[in-house]
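What follows is each chain in one-letter form.
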Amino acid sequence: MRPMNEKQPFVYELHAQDGAARRGVFTTPHGPIAMPAFAPVGTQATVKTLTPDELHSLDVDIILSNTYHLHLRPGEDIIAELGGLHQFMAWDGPILTDSGGFQVFSLAHKRSLDEDGITFRSHIDGSRHRFTPEAVIRIEELLGADIIMPLDICPTPDNRREVERAVELTNAWAVRAKQAHSRADQALFGIVQGGIFPDLRRQAAEFLTALDFPGYAIGGLSVGETKEEMYATLSAVVPLLPADKPRYLMGVGTPEDILEAVARGVDLFDCVLPTRVARNGGLLTREGRINIRNARFARDPNPIEPGCTCYTCQRFSRAYLRHLFKAGEILGLRLATIHNIHFMEQLMKDIRTAIQEGRFYQFKDEFLSRYRISDQEARHKNKLAYRQRRGLQVR
Ligand SMILES: [Zn+2]
């Protein structure tokens with residue numbers, strides 16, 4: 001690794017390519033990120049149930065935290081007073097903060113959107129707040145993450161009028177965010193919106209790449225469109241993004257979606273799924289997801305996944321894990337989370353090695369031929385919930 005350049009703290013180095021799949025390293029002030037990378041989600045400045053030391057021992061390079069949640073509680077001023085997010089949560093690796101736009105639309109109450117920003121009430125105590133592109137940058141500068149996102153609008157992916165408006169506002173807000181951003185030790189990424197419409201994606205990508213961001217995010221996917229629509233959109237949009245910058249697919253993180261996105265040139269992912277399903281007893285294996293609460297595991301002396309080298313699988317049986325979940329014991333949540341993050345990080349390592357060795361597509365086919373996809377129903381529910389949301393009316 002070459003020494004960090006003070007003026008250019010964020011550099012993407014491409015190490016190997018296999019078709020469109022890329023292996024590389026993105027350098028940040030808090031260390032390098034081996035890509036393709038998966039970022040576990042630490043919504044409230046904690047990856048639920050795990051310590052930072054455990055995250056390091058699981059080879060996690062980067063975590064994501066949520067601007068919306070931290071703004072509401074404890075507030076960016078308190079975090080800044082206590083030395084910024086890294087010091088506050090005692091995590092010395094890279095952090096990415098999202099803009100909070102997605103949470104405003106999925107969680108906040110009484111939101112209203114105008115040209116200048118979004119006004120909303122907190123889902124916690126009903127207090128009134130306003131996010132503008134400048135206000136969100138101010139919050140993110142106080143939090144101090146390495147990679148930060150501008151305020152954007154994530155529309156219903158197949159509603160053309162809504163998507164057109166979202167692209168227009170997201171692009172305009174990207175300009176304002178860039179002007180407001182002043183910390184050289186943070187990389188502000190551009191977010192490409194455009195739903196499932198290739199022409200709108202192209203319009204957004206061309207506009208944002210002309211602004212020359214240090215990285216680009218693909219937003220507005222995994223929010224109710226079909227898998228086929230998601231993959232077709234990635235095929236259309238990724239080639240429009242510069243090769244010397246990382247590409248981040250926001251909110252995507254099932255193993256099958258990661259493999260398909262890497263195959264189309266994506267470098268970075270985040271998703272709450274591996275940690276969230278873990279706390280419900282959903283454990284990831286090479287055969288697909290299992291639910292450890294199932295009665296068939298009551299007398300099963302095997303680890304979650306034979307051959308898995310994680311702490312949980314080295315020491316505990318499926319029968320014991322099932323007992324912990326049935327008894328409502330906290331240790332069960334921790335052990336399940338450890339296994340699922342290990343599974344995701346191992347998948348990313350295997351992907352990087354396969355790209356290096358020029359056999360990524362073979363690896364992908366072999367993995368997918370074994371892995372039973374189990375979230376179709378959840379995705380469908382997600383889609384219905386999204387459709388039932390209030391539309392994006394602009395005053
Ligand atoms: Zn394991």
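For clarity, every value in this text was computed on a predicted model and none was experimentally measured.

Pairing is parallel in the open sheet, where 4 strands are placed in the order β5-β6-β10-β11. The open sheet terminates on both sides in strands that have one partner only, identified here as β5 (63–65) and β11 (187–188).

With that settled, consider the packing of aromatic side chains. Applying the stated criterion across every chain yields a total of 10 aromatic pairs. Each ring, one from tyrosine 68 and one from phenylalanine 120, has its centre 5.7 Å from the other, and the planes form 40°; the classification is tilted. With tyrosine 68 in helix α2 (residues 67–72) and phenylalanine 120 in strand β8 (residues 117–121), the pair connects residues that are 52 residues apart, well separated along the chain. In this structure phenylalanine 120 comes out as buried when scored by relative accessible area, which is 0%. Here the aromatic rings of phenylalanine 120 and phenylalanine 131 are separated by 4.9 Å at their centres, their planes lie at 75°, and the arrangement is edge-to-face. Linking phenylalanine 120 in strand β8 with phenylalanine 131 in strand β9 (residues 128–131), this pair joins segments that are 11 residues apart in sequence. Take phenylalanine 120 and phenylalanine 131: they sit in the same class, and that class is buried.

A few words on helix α15 (residues 360–370). Among the residues making up α15, those that are buried are Phe360, Phe363, Lys364 and Phe367. Projection of α15 onto a plane perpendicular to its axis shows the buried side chains occupying an angular sector of 100°, all on one side.

With that out of the way, let us pick up the confidence of the model for the protein. Here the protein averages 94 in pLDDT, and 93% of its residues register 70 or above. This model gives residues 1–5 a pLDDT under 50, and the stretch forms 9 contacts once residues within four places in sequence are excluded. Confidence over residues 390–395 falls short of pLDDT 50; this stretch has 15 contacts with residues more than four positions distant or in other chains.

Relative to β8, strand β7 (residues 109–114) runs antiparallel, the two being bridged by 4 bridges. From the neighbouring strand, aspartate 114 faces β8, where its bridge partner is glycine 117. In this antiparallel pair of consecutive strands, β7 and β8, the connection spans 2 residues.

Coordination sphere of the zinc ion, protein contribution only: Cys308 (SG), Cys310 (SG), Cys313 (SG) and His339 (ND1), at 2.1 to 2.3 Å. Considering all 4 donor atoms around the zinc ion, angles at the metal cover 101 to 115° and the coordination shape is tetrahedral. Site description for the zinc ion: donor spacing in sequence, C-x1-C-x2-C-x25-H. With cysteine 308 in the loop between β17 (288–291) and α12 (311–315) and histidine 339 in helix α14 (residues 330–356), the pair connects residues that are 31 residues apart, well separated along the chain. You'll find cysteine 308 and histidine 339 in the same group, each marked buried.

With that settled, the discussion passes to the environment of glycine 117. Checked against the element boundaries, glycine 117 lands in strand β8. Residue classification places glycine 117 among the buried positions, given a relative accessible area of 0%. Here the alpha-carbon distance between glycine 117 and valine 223, two residues 106 residues apart in the chain, equals 22 Å. Setting aside residues up to four positions removed in sequence, glycine 117 forms contacts with Ser112, Arg130, Phe131, Thr132 and Trp173.

Each value, and the rule that gives it
Residues numbered from 1 in each chain as written. Predicted model: local features only at pLDDT ≥ 70, side-chain atom pairs only at ≥ 80, totals over all residues. Heavy atoms only, no water. Pairing = 2+ DSSP bridges. Helix = DSSP H or I, 4+ residues; strand = E, 2+ residues; numbered from the N terminus. Phe/Tyr/Trp six-rings, centres within 6.5 Å; stacked < 30°, edge-to-face > 60°. Buried < 20%, exposed > 50% of the residue type's maximum accessible area, 1.4 Å probe, protein only. Arc of directions from axis to C-beta. pLDDT = per-residue confidence, 0-100. Contact = heavy atoms within 4.5 Å. Donors = N, O, S within 2.8 Å, 3.2 Å for Na, K, Ca; no water. Tetrahedral: all angles 85-135°; square planar, octahedral: opposite > 155°, others 65-115°.

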